[in-house]
Amino acid sequence: MKKRLLSGIQPSGDIHIGNYFGAIKQFVDLQNEYDSMIFIADLHAITTIQNKEELSKNILNVALDYLACGLDPQKVYLFKQSDINEVTELAWYFNCITPMPFLERATSYKDAHMKAKEVNVGLFDYPILMAADILIQDADIVPVGADQKQHIEYARDIALKFNKIYGETFKLPEPLILKNVAIVPGVDGRKMSKSYKNTIPLFGTNEEIKKAVMKIVTDSKSPEESKNPDTCNIFSLHKLFLKDTELGVLRNKYEKGGLSYKESKDMLYEEIVDFITPMREKREMYKKDLDKVYEILNEGARRAKILVEKKMKIIRSNIGVNF
Ligand code: ADP
Ligand code: TRP
């Protein structure tokens, strides 16, 4: 029996190169090894996006992104979180056994609290809903970026507490955080993130990609001067696309001098475009056949729900709401 893997990303805007290398690539690489459930975390996105057109556009975009990046709907359960309505029911049961101060310690809440004028209850409850996503599917492993690690710890703690109160019901999930997947830097050198507006969009047009690449911040060394590849943001991004030998050649050019940052950026732009062209074509193909995409999501939800309904019967009965 294969172990079960579960993960999702929020449809909160156009995905970028950091999302691809930090999350989606892992889902694709692991889809043969694990019984994989990959979903679009649309309920989580409602904590920040409360505009019908924007949300539905983003949901469809993530579905297209997943398929274009190589998730195979024959192998993975691909679905939309909101189609598994039992998740919100389970989140309620978890709400009732979780102390407020425990949630107040979540970094996601603390960050939001620092930034936003008003934190909605959904945002405060974010880790509970995420625990429900994970535990309802009996997931063994959850591949995420390092920033999500605390949420998996919440899921484990909530599972332990539930099991203590109601008897053995949930498995304890493990996070899968790949060590070689470093944080991808954005054009300003900070972590690439939608919220910092420093992204290189994965499925942007060539012009958008070029514009983002040209904005990458560097020091002011002249073309002739020797440069340090290990402190250069452009070089960090080359690492994602070049083979070791090619990277070695580029490293030499940096150190020897004679290569301008502009030339390095032009090379990076070509690498990105070459890399995404096949995925972009696949995305266009699905875009022309949206009925097929909806069918894939519906079928994924239908199959996931069969498992969830079974699990919910046990949960309800353990709680005492089911005879
Ligand atoms: P953003 O910071 O742009 O809002 P999300 O928080 O929606 O991105 O992240 C979605 C997934 O992509 C998560 O698993 C996260 O760990 C991963 N991820 C996001 N940004 C990066 C990055 N710069 N490097 C590596 N992984 C990332
Ligand atoms: N919080 C995750 C993110 O922002 C998305 C998410 C929601 C998720 N539920 C999940 C990831 C369950 C893994 C498992 O990226």
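Residues numbered from 1 in each chain as written. Chains lettered and ligands numbered in written order. Predicted model: local features only at pLDDT ≥ 70, side-chain atom pairs only at ≥ 80, totals over all residues. Heavy atoms only, no water.

Colleague: Describe the overall build of the chain, and please don't skip the residues or the numbers.
Modeller: When you go through the chain residue by residue, the secondary structure sums to 14 helices and five strands. A compact globule built from 323 residues should have a C-alpha radius of gyration of about 20 Å, and the chain, at 22 Å, falls within 12% of that. With respect to the principal axes defined by its C-alpha atoms, the chain has extents near 80 × 45 × 40 Å. For the chain, the residues scored as buried account for 48% of the 323 residues in total. Partitioning the contacts of the chain with sequence separation of at least 6, the portion at a separation of at least 24 is 78%. Surface summary for the chain: the accessible area is close to 16700 Å², and the carbon and sulfur share equals 53%. A distance of 2 Å separates the average location of the 47 positive side-chain charges in the chain from that of its 46 negative side-chain charges. (Helix = DSSP H or I, 4+ residues; strand = E, 2+ residues; numbered from the N terminus. Rg over C-alpha atoms; globule rule 2.2 N^0.38 Å. Buried < 20%, exposed > 50% of the residue type's maximum accessible area, 1.4 Å probe, protein only. Contact = heavy atoms within 4.5 Å. Areas by Shrake-Rupley, 256 points an atom, 1.4 Å probe, with all protein chains shown as cover. Lys, Arg positive; Asp, Glu negative; His and termini not counted. Charge placed at Lys NZ, Arg CZ, Asp CG, Glu CD.)

Colleague: Which residues make up helix H10 (residues 206-214), and what values go with them?
Modeller: Of the residues making up H10, those classed as buried are Ile209, Ala212 and Val213. Around the axis of H10, the buried residues are gathered within 100° of arc, so they sit on the same side. Residues Glu207 and Lys211 are exposed on H10 and point more than 90 degrees away from its buried face. Where the residues of H10 are buried, they touch helix H13 (261-287). (Arc of directions from axis to C-beta.)

Colleague: Which residues make up the site of ligand 1, and what are the values?
Modeller: His16, Asp147, Val184, Ser193 and Lys194 are the nearest of the 14 residues found near ligand 1. Between an oxygen atom of ligand 1 and a side-chain N or O atom of Ser193, the distance comes to 2.8 Å. Expressed as a share of its isolated accessible area of 540 Å², the protein-covered part of ligand 1 is 88%. Looking at the shell around ligand 1 element by element, the count peaks at four residues for helix H1 (residues 17-29). The residue inventory of the shell around ligand 1, partitioned by class, reads five nonpolar, six polar and three charged. (Near = heavy atom within 4 Å. Polar contact = N/O pair within 3.5 Å; in protein donor to acceptor, adjacent residues only side chain to side chain. Nonpolar A, V, L, I, M, F, W, Y, C, P; charged D, E, K, R; others polar.)

Colleague: Please set out the environment of Phe323 residue by residue, giving values where relevant.
Modeller: Among the structural elements, Phe323 can be located in the segment after helix H14 (290-319). Overall, Phe323 belongs to the exposed group, its relative accessible area being 99%. Taking the C-alpha atoms as reference, Phe323 lies 72 Å from Ser220; in sequence the two are 103 residues apart.

Colleague: Can you break down the domain arrangement of the chain residue by residue, with the values?
Modeller: The domain architecture assigned to the chain consists of domain 1 (4-183 + 290-319) and domain 2 (204-283). For domain 1 versus domain 2, the separation of C-alpha centres amounts to 34 Å. Contacts between domain 1 and domain 2 engage ten residues on the former and seven residues on the latter. Interface area, domain 1 with domain 2, both sides summed: about 780 Å², of which 70% is carbon and sulfur. Broken down residue by residue, the surface that domain 1 buries against domain 2 is led by Ile17, Phe21 and Ala68, which jointly contribute 59%. Where domain 1 packs against domain 2, one counts one salt bridge. Between Arg283 and Asp65 there is a salt bridge; the shortest N-O distance is 2.8 Å. (Domains from an automatic or database assignment. Buried area = accessible area lost by both parts, 1.4 Å probe. Salt bridge = Lys/Arg side-chain N within 4 Å of Asp/Glu carboxyl O.)

Colleague: Can you tell me about the site of ligand 2, naming the residues and giving the values?
Modeller: The full set close to ligand 2 counts 14 residues, and Gln10, His44, Tyr126, Asp133 and Gln148 are the nearest of them. Tyr126 is positioned such that a nitrogen or oxygen atom in its side chain is 2.7 Å from a nitrogen atom of ligand 2. Relative to its free-state accessible area of 360 Å², ligand 2 is covered by the protein chains to the extent of 91%. Breaking the shell around ligand 2 down by element, the ones donating at least two residues are strand E1 (4-9) and helix H8 (126-136).

Colleague: Please set out the packing of aromatic side chains residue by residue, giving values where relevant.
Modeller: For the coordinates displayed, the defined rule picks out 15 aromatic pairs. Relative to Phe162, the ring of Phe94 lies with its centre 5.9 Å away and its plane at 80°, an arrangement referred to as edge-to-face. Pair noted here: Phe94 is in helix H4 (residues 86-95) and Phe162 is in helix H9 (residues 149-166), with a separation of 68 residues, a long-range link. Each of the two residues, Phe94 as well as Phe162, counts as buried. On the basis of an interplanar angle of 70° and a centroid distance of 5.0 Å, the ring pair of Phe162 and Phe170 is categorised as edge-to-face. On the accessibility criterion, Phe162 (0% relative accessible area) is buried. Through successive ring pairs, a cluster of aromatic residues spans Tyr20, Phe21, Phe241 and Phe275. (Phe/Tyr/Trp six-rings, centres within 6.5 Å; stacked < 30°, edge-to-face > 60°.)

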